[in-house]
Amino acid sequence: MLDRLSSALLQARAPETPFALSHGSLVSWGMFLARVRAWAVRLGEMPGARWGLYCDDVDEAAVRLFGAWAAGKTVVLPGDLLPATLQRLQGEVDGWLAGPASAIAEPAPADFALAALDGELPALVVFTSGTSGAPVAIEKRLRQLAAELTVIESTWGGAAADATIVGTVSHQHLYGLLFRLLWPVVSGRVLLAQQLLYPEAVAAALGGQDAVLVSSPAFLRRWPEALALHALPPAPRIVFSSGGPLARDASLAVRGTLGVPVIEVYGSSETGGIAWRSQSDAALDAVWQQHGCVDLEFAETGLRLRSPFMPDPAAWYDTADRAQPIGAGFRLLGRADRIVKVEEKRVSLDAVERALTGQPEIAEARCCVLPEGRLGAVIVLSETGHAALARLGRAGLHGYLRTAIAGDVEALALPRRWRHVETIPLNALGKTPQALLVALFGASAEQPEAQVLSVSDTQAVVALEVAASLAAFEGHFPDTPILPGVAQLDWAMRWAQDMFGIAAPFRGVDALKFQHVVRPGCRLVLSLEHLPAKAAVAFRITDGERPCASGRLMFGAAR
């Protein structure tokens, strides 16, 4: 596959061969190559070796990526364009492959010829998700990417046939880049250029062509319920999921709806792909099947591996994933770095979560260490749990759960604080940052009790319980308490930063409107829309059908 990747731009395809479907129009292979040549000429004349790339559409990203590689440049691929990200990359890139699709208008000279790419080219810099700290830059040589594409094609190419590759995940991360961009370019499959953000868009895409769906746990766990509102689309040839484990019930729900099993891909930015699995009707989670070219060792400290997807294929790499060998495969037991200190003793957050989800009242659970050192539990109740809540009340239910897991968990590891959510919040990679969990426990005299109703990379909805005891009501006004507008603005700002990981400072608000007063006892719904290109978050606060406040929060240094 190195030959196929390095010579991807030299493949003898007819110019009219379909390359991509973009905004309803077909982009041909000849159009793609012409624009790659133009970028290669332009970048070949530019100084600097490292260039940042961020494009919304996959076809345009492919043009600039291969144009940069043809010019011998390294492409730095950030996951977003937040001010904090741009600030972190200052001095790390020599320029940006930015601007509209028409940014390069001049065609390449007629005598300019593209050459095969060098397998040792430091082709790419990607970043870890940052869910356990600051994002870490990972360099990939072209041969590493080629080795992984070889495995993808040999494992799933036959099942994919000549289907169009569509996806709900961004190509700005390694999983999306490999499956949505590089795989179709190298294998000659058509790619759908736009990322599909909504269930109805996916249903329409599947109805329009024979397709392979590249998705994530965050999307797939909600998809069967959303499909119930639409006509059932034709089944895709394959459904991929990566970024985190997909719950067995969610995997089986997708398979039951579409008639196609979900292929989960396990790996990381550092290691590339490691293994895959497909859930079955068995009572236990399916075991992971390692790729044949990946060697594994099961150490007490975590899974060790060596792989052709790594910088040195012969060197062993220590992951933080604990795993147990089972037959020809293995089962993941959670992250070793989820061992935390509570009152100076080591506590496994995974073990506490397993104990909680072993109770019939709880469908899902995530735990975190709160700033005061106590353990907090974020839980999704099952139908049995909702019935218990109605019967016992919150305090009674929490006491019952603590007693129920006391035989499996040390006393100091029993959750002290609880938050109920409809779904565990996940980011676009299907991960739950600890900071997001901790933020759910922000209720105090200044902050209302909150419930995250939904969250994605660009959208979030949070329910806020406006208790009469909130400090914001003091003196405003004694006889008829009204929540000040500044409190609503503060809540919107705090949740915008927490939901979307915005580190840049708040610098103002545009189009601010207050339409109805908020009184004690209200249950507000805060809706947020992240607008990275504008360094802004649009917000709307409603009380039932009544709009209360809206505006656009601006972040970053003043312009």
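In case you missed it, the structure is sitting above this.
If you're wondering where the values come from, they're calculated on a predicted model, not measured in any experiment. (Residues numbered from 1 in each chain as written. Predicted model: local features only at pLDDT ≥ 70, side-chain atom pairs only at ≥ 80, totals over all residues. Heavy atoms only, no water.)

**Student:** Lay out the packing of aromatic side chains with the relevant residues and their values.
**Tutor:** Applying the stated criterion across every chain yields a total of 16 aromatic pairs. Judged by centre distance (6.3 Å) and plane angle (45 degrees), the rings of W156 and F179 are tilted. In this pair, W156 is assigned in helix 5 (residues 142–160) and F179 in helix 6 (residues 174–187), connecting sequence segments 23 residues apart. By relative accessible area, F179 is classed as buried at 3%. Relative to W276, the ring of W156 lies with its centre 6.1 Å away and its plane at 80 degrees, an arrangement referred to as edge-to-face. Of this pair, W156 sits in helix 5 while W276 sits in strand 13 (residues 272–277), and the two are 120 residues apart along the sequence. Residue classification places W276 among the partly exposed positions, given a relative accessible area of 26%. An aromatic cluster is built from W156, Y175, F179, W183, F240 and W276, whose rings are joined through pairwise contacts. (Phe/Tyr/Trp six-rings, centres within 6.5 Å; stacked < 30°, edge-to-face > 60°. Helix = DSSP H or I, 4+ residues; strand = E, 2+ residues; numbered from the N terminus. Buried < 20%, exposed > 50% of the residue type's maximum accessible area, 1.4 Å probe, protein only.)

**Student:** Provide a residue-level description of unusual backbone geometry, including the pertinent values.
**Tutor:** Even without glycine at this site, H23 takes up a positive phi of about 50 degrees. Secondary-structure assignment places H23 in the loop between strand 1 (18–22) and strand 2 (25–28). Residues other than glycine seldom take positive phi values, yet A161 does so here, at roughly 50 degrees. Its location among the elements puts A161 in the loop between helix 5 and strand 8 (164–167).

**Student:** I'd like a rundown of the sheet that holds strand 30 (residues 546–555), residues and numbers included.
**Tutor:** Hydrogen bonds between backbone groups are what pair the strands of a sheet, and the pairing can be parallel or antiparallel. Pairing is antiparallel in the open sheet, where 6 strands are placed in the order 25-26-28-29-30-27. The open sheet terminates on both sides in strands that have one partner only, identified here as strand 25 (449–455) and strand 27 (506–514). Strand-to-strand, the axes of this sheet are offset by a mean angle of 20 degrees, without reference to chain direction. Here 6 bridges tie strand 25 to strand 26 (residues 459–465), and the two strands are oriented antiparallel to one another. Note that in strand 26 the partner of A450 across the bridge is L464. Here helix 14 (residues 485–500) sits on the sheet in contact with strand 25, strand 26, strand 27, strand 28 (523–531), strand 29 (536–543) and strand 30, set at roughly 50 degrees to strand 28. (Pairing = 2+ DSSP bridges. Axes fitted to C-alpha atoms, helices over the stretch in contact; angles between N-to-C directions. Contact = heavy atoms within 4.5 Å.)

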